[in-house]
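Inside the fold
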Amino acid sequence: MSPSSLQRLRDAIRDVPDFPQPGVLFKDITPVLADGKLLNLALDAMAEAVEGQRVDKVVGIDARGFIFGAPLAARLGCGFVPARKKGKLPWRTRGVDYALEYGSACLEMHEDAVQPNENVLLADDLLATGGTAGAALTLLQQTGANVLGSVFFIELAFLHGRGKLEPFGPVQAVVTF
Ligand SMILES: O=P(O)(O)OC[C@H]1O[C@H](OP(=O)(O)OP(=O)(O)O)[C@H](O)[C@@H]1O
Ligand SMILES: Nc1ncnc2[nH]cnc12
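The notes below deal with the structure included here.

Thresholds, definitions, all that
Residues numbered from 1 in each chain as written. Chains lettered and ligands numbered in written order. Predicted model: local features only at pLDDT ≥ 70, side-chain atom pairs only at ≥ 80, totals over all residues. Heavy atoms only, no water. Helix = DSSP H or I, 4+ residues; strand = E, 2+ residues; numbered from the N terminus. Near = heavy atom within 4 Å. Polar contact = N/O pair within 3.5 Å; in protein donor to acceptor, adjacent residues only side chain to side chain. Areas by Shrake-Rupley, 256 points an atom, 1.4 Å probe, with all protein chains shown as cover. 1 Å grid on protein atoms, 1.4 Å probe; cavity = no way out; pocket = protein on both sides within 12 Å on 5 of 7 lines; lining within 4 Å. Sits in = over half its atoms within 2 Å of the grid points. Nonpolar A, V, L, I, M, F, W, Y, C, P; charged D, E, K, R; others polar. Contact = heavy atoms within 4.5 Å.

1. Topic: unusual backbone geometry
- With an omega of 0°, the peptide bond between phenylalanine 19 and proline 20 qualifies as cis.
- With respect to the element layout, proline 20 can be found in the loop between strand S1 (14-17) and strand S2 (25-28).
- The omega angle of the peptide bond from aspartate 62 to alanine 63 is -5°, so this bond is cis rather than trans.
- Checked against the element boundaries, alanine 63 lands in the loop between strand S3 (57-61) and helix H4 (64-76).
- Located in the positive-phi region is aspartate 18, a residue other than glycine, with phi close to 60°.
- As for its placement among the helices and strands, aspartate 18 is situated in the loop between S1 and S2.
- Even without being a glycine, histidine 160 presents a positive backbone phi close to 60°.

2. Examining the site of ligand 2
- In the vicinity of ligand 2, the residues found are Val24, Leu25, Phe26, Lys27, Arg64, Glu101, Tyr102, Leu126, Ala128 and Leu156.
- A distance of 3.0 Å separates a nitrogen atom of ligand 2 from a polar backbone atom of leucine 25.
- Measuring from a nitrogen atom of ligand 2, one finds a backbone N or O atom of lysine 27 at 2.9 Å.
- Protein contact buries 95% of the 260 Å² of open area that ligand 2 shows by itself.
- Among the detected pockets, ligand 2 sits in the largest pocket.
- The leading source of residues in the shell around ligand 2 is S2, at three residues.

3. Some words on the site of ligand 1
- Taken together, 15 residues surround ligand 1, and among them Tyr102, Asp124, Asp125, Thr129 and Thr132 come closest.
- In the model, an oxygen atom of ligand 1 is placed 3.1 Å from a nitrogen or oxygen of the lysine 85 side chain.
- One of the backbone N or O atoms of glycine 130 is found 2.8 Å from an oxygen atom in ligand 1.
- Across the complex, the protein chains shield 87% of the 500 Å² of accessible surface that ligand 1 would expose by itself.
- In this structure the site holding ligand 1 corresponds to the largest pocket.
- Breaking the shell around ligand 1 down by element, the ones donating at least two residues are strand S7 (119-127) and helix H5 (131-143).
- Looking at the shell around ligand 1, the element that brings in the most residues is S7, giving three residues.
- Across the shell around ligand 1, the residue classes tally to five nonpolar, four polar and six charged.

4. A short note on the side chain of lysine 57
- Relative to the elements of secondary structure, lysine 57 occurs in strand S3.
- Within polar-contact distance, the side chain of lysine 57 engages the backbone oxygen of alanine 113 at 3.1 Å.
- Discounting chain neighbours no more than four positions away, the residues touching lysine 57 are Cys78, Gly79, Val81, Ala113, Val114, Glu118, Asn119, Val120 and Leu121.

If you want it as structure tokens, here you go:
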């Protein structure tokens, strides 16, 4: 991606102080989503991160990860799997509890969503502490799938989440703060 495109994406991300709780500087992606050119640029860059690799499934994390994960899968010509917050998936699930920058939750995937021989990529909008993505990667590892790594639109590098994810595979982000 050209430096000017990257700058356009960076400039469009809105800072919202003290949301959803005091002390958190929330990175609001809705201005990027509202601009078709920027959304396209973001998805192009996420697809570039796995160029030349065979991807069988993109796993996206509830909820903002779906916004990037499903169109990314469509671009790559592969399937999409939702990793959802507890109680949302209708079939048999495996789950894991985790903590994130501003709370805790439980993430679940359908037991049959990913097969042991598949090449799987994790996608989410944002990497902060890495608690959420780490939980999703733990679930993926339990399936026996070949985990290709993870890709994010935004990385908050000052929260050092990357360190939790690198043991599972390469970590890539389009915009880093
Ligand atoms: O690296 P972490 O500290 O774990 O934080 C990152 C996660 O936090 C946000 O999700 P959130 O739980 O707010 O859910 P949402 O997508 O439904 O808004 C974001 O979409 C990531 O999934
Ligand atoms: N600072 C932040 N901004 C937006 N989403 C987040 N998820 C976790 N931390 C976040």
